[in-house]
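Breakdown of the fold
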Amino acid sequence: MENTKSAGVSRWIINIILILLAIIWIFPFLYVIVNAVKSSAEYSVGNFWDLPKSFSVAENWEYLTQQIQLGSGFINSIIYGMLGEVLGLLWRRLRRMRLRH
């Protein structure tokens, strides 16, 4: 009987810890979503956790595509990712060849 009680208590503790970790990991995503729909004036004046009073996704998307070179940054990220993957595979292949001979 005591084993089942201690197992139940430990299960509750694990569940509470997992719930707290889930809440901690969700906050950055909420921050990004809340601030992505705010206008630039609302973002710079208000508290960053305030809910937006108006949704300006189109204005933000226009600013993102015209003022910031999002496309070139995305291409650079793809190139660096692919280069890192190729170098990692090459390194692994070279290490395996060394171990065989």
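The shown structure was predicted, so the numbers you read here are calculated from the model rather than taken from an experiment.

Description of the overall build of the protein
- A count of helices and strands for the protein gives 4 helices and 0 strands.
- Starting at the N terminus, the α and β elements of the protein follow one another as α-α-α-α.
- Computed over the C-alpha atoms, the radius of gyration of the protein is 24 Å, more than 25% above the 13 Å expected from 2.2 N^0.38 for a compact globule of 101 residues.
- Expressed as lengths along the three principal axes of its C-alpha atoms, the size of the protein is roughly 60 × 55 × 15 Å.
- Looking at the protein as a whole, 9% of its 101 residues are labelled buried.
- Put simply, the protein shows about 9400 Å² of open surface, and 70% of that area lies on carbon and sulfur atoms.
- When the 10 positive and 6 negative side-chain charges of the protein are each reduced to one mean point, those points stand 25 Å apart.

Notes on the layout of surface pockets
- Approximately 200 Å³ is the volume found for the largest pocket.
- Lining the largest pocket are V32, N35, A36, K38, S39, S40, Y43 and N60.
- Elements that contribute at least two residues to the lining of the largest pocket include exactly α1 (2-36) and α2 (40-45).
- The element contributing the most residues to the lining of the largest pocket is α1, with 3 residues.
- Here the residues of the lining of the largest pocket sort into 3 nonpolar, 4 polar and 1 charged.

Here we look at the UniProt feature "transmembrane region" (unreviewed entry) in the protein
- The UniProt record annotates "transmembrane region" (unreviewed entry) at residues 12-34 and 70-91.
- Along residues 12-34 the backbone is 100% helical and 0% strand, and the end-to-end C-alpha distance reaches 32 Å.

Focus on the side chain of E42
- Among the structural elements, E42 can be located in helix α2.
- For the buried E42, no salt bridge exists, and the shortest N-O distance to an oppositely charged side chain is 4.2 Å, to K53.
- A distance of 2.6 Å separates a polar side-chain atom of E42 from the backbone nitrogen of K53.
- Residue contacts for E42: discarding those within four places in its chain leaves L51, P52, K53 and S54.

A look at the environment of Y43
- With respect to the helices and strands, the residue Y43 is situated in helix α2.
- Y43 sits 12 residues away from Y31 along the chain, and the two C-alpha atoms are 12 Å apart.
- Every residue in contact with Y43, bar those within four places of it in the chain, is listed here: Y31, N35 and K38.

Concerning the environment of L83
- Within the fold, L83 resides in helix α4 (residues 70-100).
- Each C-alpha atom, one on L83 and one on G71, is 18 Å from the other, the two residues being 12 residues apart in sequence.

Cut-offs used in this document
- Residues numbered from 1 in each chain as written.
- Predicted model: local features only at pLDDT ≥ 70, side-chain atom pairs only at ≥ 80, totals over all residues.
- Heavy atoms only, no water.
- Helix = DSSP H or I, 4+ residues; strand = E, 2+ residues; numbered from the N terminus.
- Rg over C-alpha atoms; globule rule 2.2 N^0.38 Å.
- Buried < 20%, exposed > 50% of the residue type's maximum accessible area, 1.4 Å probe, protein only.
- Areas by Shrake-Rupley, 256 points an atom, 1.4 Å probe, with all protein chains shown as cover.
- Lys, Arg positive; Asp, Glu negative; His and termini not counted.
- Charge placed at Lys NZ, Arg CZ, Asp CG, Glu CD.
- 1 Å grid on protein atoms, 1.4 Å probe; cavity = no way out; pocket = protein on both sides within 12 Å on 5 of 7 lines; lining within 4 Å.
- Points joined across faces, edges and corners; volume = space filled by probe spheres on them.
- Nonpolar A, V, L, I, M, F, W, Y, C, P; charged D, E, K, R; others polar.
- UniProt positions renumbered as here; feature names shortened; annotations may be inferred.
- Salt bridge = Lys/Arg side-chain N within 4 Å of Asp/Glu carboxyl O.
- Polar contact = N/O pair within 3.5 Å; in protein donor to acceptor, adjacent residues only side chain to side chain.
- Contact = heavy atoms within 4.5 Å.

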